[in-house]
Amino acid sequence: MSGTAQLMLLATFLPLLGGLALLFVPNEKREVFQKGSVAIMVVSFLLSVPLWFQYDRGSAAVQFAYSVSWMPSLGVKFSVGMDGISLLLWLLTTFTGPIAALCSWGNIEERWKEYYVWMLVLQTSLLGVFIAQDMLLFYIFWEVMLVPMYFLIGIWGGPQKLYAAIKLFLYTLSGSVLMMVAIFAIYFLQHKTNNTYDFSIESFQAMAPVIAQQTKAFQVLLAMAFFLAFAIKVPMFPFHTWLPDAHVQAPTAGSVILAGIMLKMGTYGFVRFLLPIVPDGTKMLMPWFLALAIIGVIYGALVAMVQKDMKKLVAYSSVSHLGLCMLGIFALNPWGLKGAMFQMLNHGISTPGLFLAVGIVYERRHTRMIADYGGLSKTMPIYATIFMLMTMSSIGLPLLNGFIGEATILMGAFQTWPWVAVLATSGIILGAAYMLWMFQRVMFGPISEVNTKMADLNMREIAYFTPLLIMAVWIGLYPKPFMDIMDKPVQKLVLQVQPDFYKAEALAAKQAEAAKAGMHGMEAGEAPEAKEHEASPAQHTAAEPGTATPAAHATPGGGH
Amino acid sequence: MLAPSFATGLWENLSHDIHYIWPQILLMVSGLLMLWPLDSWLLPWTKAEKHKWAIPTMAILLLSLAISVYTPNGLGFSAMYKVDGLTKGFQVLCILASIFAVMLSQKVLGALFEHTAEYYALILFATSGMLFMCGAVDLVTIYFSIELMALCIYILVAYLRNQERGIEAGMKYFLLGAFSSGILLYGISLLFAATGGITTNLTELNQKLAVVSQDKSLLVYSGALMVLVGLCFKVAAVPFHMWSPDVYDGAPTPITAWLATAPKAASLAVFLRIFGTGFHSISYEWEAPLMLIAGATMILGNVAAIKQQSMKRLLAYSSIAHVGYMLLGVLSKDAQAGAQAIWLYMLLYLFMNTGAFAVVIYLQGKNEGERIEDFSGMGKRHPVLAFSMLVFLLSLAGIPPFIGFFGKFYLFLLAVEQGYTTLVVIALLTSAVSAFYYLEVVKQMYFKEPAEGEVAPMDSYSKFLISTTCAVVIIGTAFGPQLLKWTDDIRWFEKETPAAVMEFPNK
């Protein structure tokens, strides 16, 4: 096993081991659990950081790979590794871990032992999902994560916690069992074609051409089974109803992990499984998927607008933002996919930030109703500043992280589905409206008697906001490193979904050049996609992509 | 050649083939000895108490387990009894289940009000019946061994003779069991008639049924269906499950745990023998009814469990649902692969089911009740017990990484390969439903405040029993390769059937 693989496994399983160690501490020692869990999460994060530098950005292959045989007769392996997409989300998870542990100090008033142990178990299962390179291993991590989340919501949640917890569990479970059938179906198809039993994700992705030759019904069913499992997790309209319940009832850390990481599992599933394994089935169902995504964007925003509960508002804003991510993914071109991945990262920074902000006033006043607040900026200036930055980041103000992601997604979506992209912009406008309106109602205006006594942030609270703020500004100012790391994997993904994509682009570039030669120096536009051109060996002629480029792949893949 | 007289024939068979049935003989003889001379003489002489019978019973069961594993493969008793991988595998399951039942009957758990030698002897007799069932390859031996098992179980179910519901359970089980045996026997006789009244041997029956003439097809169809119905009664498959919740509720809890596993394992072995060997050539006759039964069993078992208030009834319905899953293995056209999947599932189910019942028995013994509400706040009162119960329930629901997931995974994998995708979808969706009622119990344990009252500390025996089972359930999947290796041994040896028997004179 290479050193980097060891590091990856250690960072992944350290929380679990730490949690088991904490089991032996008596429940009364609250401080041990608080500090211990934060320390474990921080160490896990520190262990994960070197991988960011070790990752070879010039290759689309799975890196840090490690694999041992587990059940040879079934073709099941304990196989782990990461590519750029998984690495980004995996690092986001290790990054969120300490924040989630730190923010629980104030609001968990009972059963500390169970709480921190479950949280650490959850962390390992979340990390495991992103490193799994075997379908069965992935499925195990994917399902295991439900149990700790069920407990986090069910024990330490709000008044409706029991309902919310069981709803989350059953929704996700019923989606993923159908995925299991799809996995089995592909597994046997694979055995029929090349007489091997193999559960590795790589071999499943290699099945895409064979699946494309199957009957239309088979492909559509496969695509639907995968879609359902992931769409519930994302969640896409109309499978989103568990999300507001779970978010509102969960303790702050639960919301942070739910919004920060768990929702990303859904989108991750789309790019890792649905698109590469069943590309043609996806294209057949594309109109439906797009419709659901766009409904999610607008519906989520409209519902968020009318919420009286701050947490519910942020929860519905997630539905809207994730809808936009899905739109980017369904654009099936590099900009859309990259933008979607990137937006997942951004959402994983700004939405946890907002949930933390809501959690802070909730800890002080035990209410989340917008109407109960007002004028907080007078008594809590630091809080107001941070809240404002997080709001701006969420609505996509330039120079903060959200803008880059939204712009890239819309750029990609516009090339494939122009009208849908136009509709999606309305979601962004609405997003600015509900967020700013909430900010205004909470922070400005007259202040009530009770609220004047509210204390501003203490050092611990500032400590867990700081990393989020740094990331938000850093990504907003200099997103290149985060984009670069996804370059090759996204390119590979696009080739898997649309094998002719880059050929069409190269052709378009050639045509543009010819046209330019014919027209004597027609001015070429600025090319945002220059990187992709260098990346693909087939297009060395495409140094100056012309204005015709977008038109050439306006309808890739024949979605209709 | 003159046919040998009955007595000499019996003697020849016995002396020639007795090595196939040593485990059964051991169980029966020791059961008999326990009943009469030892219980009346040895016990008073050593001044031991009756509950001490558990220890020799366990030793005998362990011994028979060892013997049955090392019994040579082969066909004996005029091709009526066969020892092969399937026989041995399911015998191991039955004996293990009986061992667990004896362990759960220990006095410290307090599930039984009185301990008698009969209780343990009946377990031994019933186990020997099950062992015969696993190896029976002739409709006659199958019927006799089923009866041997069932008659003992009727008594054991009604063992709490001071309780009305115990008597009711025994009576219900007896009447319905006798009824189903009648149907089974009638089905057997119809098939016997349809194939010309020559043979009841499964291998030969298979050949005869394949070429049976058109005018007898109704006989074959109704015969096969009746055998199916009779066996479905035994495994409590819907719609022949009505007896099971009441019986499970009224029986002593260790016997309930046993009923959910041992007789089902043996009956599934019979299922596999009959439908995998005997009726293999007429699979078109029984495939559709069995598919319907399997689907209905999964759906009804899981849906009916939702409303239950009593933990024992909940586990009864959950056991019905699990049988529904296992019937997928019977449906498999590759009978051997089906047997392997069922065996693995049953083995894993044995552990999680026993664990869950152990927790119920422990709480009953401490007078903390068996209703689901009585589990409230158990996470605080008995952390170890509650955690183990959590593991057992999640495993029963098929949540990874517990072994229940592995069993389901292997079984459903096979069923998809055999083309029963719709049934697998039903199975998986209903297992999501099952998560709902299992989590209801978890909710009571962890999310509700405990009832007032003193909590007695756990004795070391219960702690050992429950935490060991729990550990097996947690880490079992990691030993998947070993489990699959054992599973691979569950195969039957059709080739070893002597040629002479195969070419039975055709009149």
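Note that the structure is a prediction, hence the values are computed from the model and not measured.

**As for the overall build of chain A**
Working step 1: Per the secondary structure count, chain A includes 24 helices and two strands.
Working step 2: When each of the 560 residues of chain A is scored for burial, the buried share is 64%.
Working step 3: Across chain A, every contact between residues at least 6 apart in sequence was considered, and the portion connecting residues at least 24 apart equals 79%.
Working step 4: With an accessible surface of roughly 19,100 Å², chain A has 68% of that area assigned to carbon and sulfur atoms.
Working step 5: Of the charged side chains in chain A, 33 are positive and 31 negative; the average position of the first set lies 6 Å away from that of the second.

**Side note on the overall build of chain B**
Working step 1: In terms of helices and strands, chain B carries 22 helices and two strands.
Working step 2: Expressed as lengths along the three principal axes of its C-alpha atoms, the size of chain B is roughly 80 × 60 × 45 Å.
Working step 3: Buried residues in chain B amount to 62% of all 507 residues.
Working step 4: Excluding contacts between residues fewer than 6 apart, the proportion of contacts in chain B whose partners are at least 24 apart in sequence is 81%.
Working step 5: Accessible surface, chain B: about 18,800 Å² in total, of which carbon and sulfur atoms supply 68%.
Working step 6: Within chain B, the 33 negative side-chain charges are centred at a point lying 4 Å from the centre of the 30 positive side-chain charges.

**Some remarks on the packing of aromatic side chains**
The description of an aromatic ring pair uses the distance of the two centres, along with the angle that the planes make with each other.
Residue and element names in this part refer to chain A.
Working step 1: Across all of its chains, the model carries 55 aromatic pairs over all chains by this definition.
Working step 2: Centre to centre, the rings of W52 and F482 are 5.5 Å apart; their planes meet at 40°, and the pair counts as tilted. Pair noted here: W52 is in helix 2 (residues 30-54) and F482 is in helix 21 (residues 480-497), with a separation of 430 residues, a long-range link. Taken individually, W52 and F482 each receive the classification buried, so the pair is uniform in this respect.

**Thoughts on the interface of chain B and chain A**
One widely used convention gives an interface's size as the accessible area the parts lose upon coming together.
Working step 1: If you look at the interface, chain B gives 35 residues, while chain A gives 33 residues.
Working step 2: Both faces combined, the contact of chain B with chain A buries some 3,000 Å², and carbon together with sulfur accounts for 85% of it.
Working step 3: On the surface where chain B and chain A come into contact, there are zero salt bridges.
Working step 4: At the junction of chain B and chain A, the tally comes to four residue pairs in polar contact (both at pLDDT 80 or more).
Working step 5: At the level of secondary structure, the elements contributing two or more residues to the side of chain B that touches chain A comprise helix 17 (383-397), helix 18 (403-417), helix 19 (421-447) and helix 21 (480-488) of chain B.
Working step 6: Here the element with the most residues in the side of chain B that touches chain A is helix 19 of chain B; it accounts for 14 residues.
Working step 7: Each residue belonging to the side of chain B that touches chain A can be placed in one class, and the counts come to 26 nonpolar, five polar and four charged.

**Focus on the environment of B:F174**
Working step 1: Among the structural elements, B:F174 can be located in helix 7 (residues 164-194).
Working step 2: For B:F174 and B:I153, which are 21 residues apart along the polypeptide, the C-alpha to C-alpha distance reads 8.9 Å.

**Here we look at the domain arrangement of chain A**
Working step 1: Splitting chain A by domain gives domain 1 (3-494) and domain 2 (500-558).
Working step 2: For domain 1 of chain A versus domain 2 of chain A, the separation of C-alpha centres amounts to 35 Å.

**Side note on the nonpolar core**
Working step 1: Counting residues in each nonpolar core, the largest one holds 397 residues, and the members touching the most others are A:W90, A:F270, A:F330, B:F90, B:W258, B:F271 and B:F279.
Working step 2: It is helix 15 (residues 335-365) of chain B that provides the largest number of residues to this core, a total of 22 residues.
Working step 3: When near neighbours in sequence (up to four residues on either side) are disregarded, B:F279 contacts B:L191, B:L205, B:N206, B:L209, B:A224, B:V227, B:I274 and B:W286.
Working step 4: Judged by nonpolar contacts, the second largest core, of five residues, contains B:Y20, B:I21, B:Y81 and B:V83.

**Description of unusual backbone geometry**
Working step 1: Cis peptide bonds are those with omega within 30 degrees of zero, and the linkage from A:F237 to A:P238 qualifies with 0°.
Working step 2: Along the chain, the position of A:P238 falls in the loop between helix 10 (216-233) and helix 11 (242-249).
Working step 3: Of note, the amide linkage connecting B:V238 to B:P239 takes the cis form, showing an omega dihedral of 5°.
Working step 4: By the secondary structure assignment, B:P239 is in the loop between helix 9 (217-235) and helix 10 (243-250).
Working step 5: Phi at A:H366 takes a positive value of approximately 55°, unusual for a residue other than glycine.
Working step 6: Structurally, A:H366 can be placed in the loop between helix 15 (334-365) and helix 16 (376-379).

**Points about the pattern of salt bridges**
Working step 1: Scanning the entire structure with this criterion turns up 25 salt bridges over all chains.
Working step 2: Taking the shortest distance from any N to any O, the salt bridge between A:D484 and A:K480 comes out at 2.9 Å. Pair noted here: A:D484 and A:K480 are both in helix 21, with a separation of four residues, about one helical turn.
Working step 3: Between B:R165 and B:D249 there is a salt bridge, and its shortest N-O distance comes to 3.5 Å.

**Some words on the packing of helix 6 (residues 139-157) of chain B against helix 7 of chain B**
Residues and elements named next belong to chain B.
Working step 1: It is at 9 Å that the axes of helix 6 and helix 7 come closest, and there the two elements cross at 170°. It follows from the interaxial angle that helix 6 and helix 7 lie roughly antiparallel. Every residue of helix 7 that contacts helix 6 at L139, Y143, I146, E147, I153, Y154 and V157 is listed here: G166, A169, G170, Y173, F174, G177, A178, S181, L184, L185 and I188.
Working step 2: When the residues that make up the contact of helix 6 with helix 7 are grouped by side-chain class, the tally is 13 nonpolar, four polar and one charged.

**Notes on a nonpolar patch on the surface**
Working step 1: Taken together, A:L399, A:I470, A:V473, A:W474, A:L477 and A:Y478 make up a surface patch of nonpolar side chains, about 610 Å² in accessible area.
Working step 2: On the basis of relative accessibility, which here comes to 55%, the residue A:L477 falls in the exposed class.

**Some points on the side chain of A:Q343**
Residue and element names in this part refer to chain A.
Working step 1: As for its position among the elements, Q343 is in helix 15.
Working step 2: Owing to a relative accessible area of 4%, Q343 belongs among the buried residues under this scheme.
Working step 3: In this structure Q343 touches C325, G402, G405, E406 and I409, once residues within four positions along its chain are discounted.

**Description of the pairing of strand 1 (residues 63-71) of chain A**
For a regular strand, side chains alternate in direction, first toward one face of the sheet and then toward the other.
All names here are of chain A.
Working step 1: As paired strands, strand 1 and strand 2 (residues 76-82) are joined by six bridges and run antiparallel to one another. For S69, the partnering residue across the bridge sits in strand 2 and is K77.
Working step 2: The hairpin turn running from strand 1 into strand 2, its antiparallel successor, is four residues long, and G75 in that turn takes a positive phi close to 80°.

**A closer look at the packing of helix 7 (residues 161-194) of chain A against helix 11 of chain A**
All names here are of chain A.
Working step 1: Two elements in contact, helix 7 and helix 11, have axes whose closest approach is 9 Å; the angle formed by their N-to-C orientations is 135°. For the element pair helix 7 / helix 11, the angle class is oblique. For the pair helix 7 and helix 11, the sense of crossing is left-handed. Counted together, K161, Y163, A164, K167, L168 and Y171 of helix 7 and W242, D245, A246 and Q249 of helix 11 form the full contact between these two elements.
Working step 2: The residue makeup of the contact of helix 7 with helix 11, split by class, is six nonpolar, one polar and three charged.

**A short note on the confidence of the model for chain A**
Working step 1: For chain A, the average pLDDT comes to 86, and 92% of its residues sit at 70 or higher.
Working step 2: Confidence drops under pLDDT 50 across residues 521-560 of chain A; counting only partners more than four residues distant or on other chains, this segment forms 60 contacts.

**Let's talk about the state of the cysteines**
All names here are of chain B.
Working step 1: This structure, assessed with the given rule, holds zero disulfides over all chains.
Working step 2: With no disulfide of its own, C134 has C94 as its nearest cysteine by sulfur position, at a separation of 4.0 Å.
Working step 3: Accessibility expressed as a relative area gives 0% for C134, which makes it buried.
Working step 4: Lacking any disulfide linkage, C152 is separated from the closest cysteine sulfur, that of C94, by 13 Å.
Working step 5: The class of C152 is buried, set by a relative accessible area of 7%.

Calculation criteria
Residues numbered from 1 in each chain as written. Chains lettered and ligands numbered in written order. Predicted model: local features only at pLDDT ≥ 70, side-chain atom pairs only at ≥ 80, totals over all residues. Heavy atoms only, no water. Helix = DSSP H or I, 4+ residues; strand = E, 2+ residues; numbered from the N terminus. Buried < 20%, exposed > 50% of the residue type's maximum accessible area, 1.4 Å probe, protein only. Contact = heavy atoms within 4.5 Å. Areas by Shrake-Rupley, 256 points an atom, 1.4 Å probe, with all protein chains shown as cover. Lys, Arg positive; Asp, Glu negative; His and termini not counted. Charge placed at Lys NZ, Arg CZ, Asp CG, Glu CD. Phe/Tyr/Trp six-rings, centres within 6.5 Å; stacked < 30°, edge-to-face > 60°. Buried area = accessible area lost by both parts, 1.4 Å probe. Salt bridge = Lys/Arg side-chain N within 4 Å of Asp/Glu carboxyl O. Polar contact = N/O pair within 3.5 Å; in protein donor to acceptor, adjacent residues only side chain to side chain. Nonpolar A, V, L, I, M, F, W, Y, C, P; charged D, E, K, R; others polar. Domains from an automatic or database assignment. Core = buried A, V, L, I, M, F, W, Y, C linked by side-chain atoms within 4.5 Å. Axes fitted to C-alpha atoms, helices over the stretch in contact; angles between N-to-C directions. Parallel < 35°, antiparallel > 145°, perpendicular 65-115°, else oblique. Patch = residues over 30% accessible without salt bridge, like charges linked within 9 Å, V, L, I, M, F, W, Y side chains within 5 Å. Pairing = 2+ DSSP bridges. Left-handed = near helix turned anticlockwise from the far one by under 90°. pLDDT = per-residue confidence, 0-100. Disulfide = S-S within 2.5 Å.

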